[in-house]
Amino acid sequence: QVQLVESGGGLVQAGGSLRLSCAASGSIAGINGMGWYRQAPGKQRELVATVASGGRTNYQDSVKGRFTISRDNAKNTMYLQMNSLKPEDTAVYYCNAQIYQNGRMFPSTYWGQGTQVTVSS
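Residues numbered from 1 in each chain as written. Predicted model: local features only at pLDDT ≥ 70, side-chain atom pairs only at ≥ 80, totals over all residues. Heavy atoms only, no water.

(A) Up close: the nonpolar core. By size, the foremost hydrophobic cluster in this structure holds 31 residues, and its most contacted members are Trp36, Leu80, Met82, Tyr93 and Ile99. For this core, the secondary-structure elements that each account for two or more residues are β1 (2–7), β3 (18–26), β4 (30–39), β5 (46–51), β7 (67–72), β8 (77–82), β9 (91–100) and β11 (115–120). Sorting elements by how many residues they give to this core places β9 first, with 5 residues. Filtering out sequence-adjacent residues up to four positions away, Leu80 remains in contact with Leu18, Arg19, Leu20, Trp36, Val48, Phe67, Thr68, Ile69 and Tyr93. (Core = buried A, V, L, I, M, F, W, Y, C linked by side-chain atoms within 4.5 Å. Buried < 20%, exposed > 50% of the residue type's maximum accessible area, 1.4 Å probe, protein only. Helix = DSSP H or I, 4+ residues; strand = E, 2+ residues; numbered from the N terminus. Contact = heavy atoms within 4.5 Å.)

Structure, rendered in structure tokens:
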């Protein structure tokens, strides 16, 4: 089985920084795209940023210039460096990955359990 485990969330003042991590473990043959999503209370889950296996990145407009997504393929781990945080960044952050398992031709989608990020004004 495969697991994604997020860490690094917490409470921070506006203008501060946090670094989220997402570690994949289990029967993993390879990982394709990975991404961070977030869901604020009363709102739909939204895409924050993605990183392809080759390193190409994509960001939601509201986080461009403030957030940096990266991954360490050797460690099956993805990161989200969040700087200049704003109260509107408050949400539960989820990691997502397209993972190939041994013996399977196509990747499956996995989600982490989520980590809370709260930014106070």
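(B) Quick peek at the state of the cysteines. In this structure the tally under the stated criterion is 1 disulfide. With a sulfur-sulfur separation of 2.2 Å, Cys22 is cross-linked through a disulfide to Cys95. Disulfide Cys22-Cys95: torsion about the S-S bond near 55°, hence right-handed. Residue Cys22 is located in strand β3, and its partner Cys95 is located in strand β9; the two are separated by 73 residues in the primary sequence. The class for Cys22 is buried, based on a relative accessible area of 0%. Residue classification places Cys95 among the buried residues on the basis of a relative accessible area of 0%. (Disulfide = S-S within 2.5 Å.)

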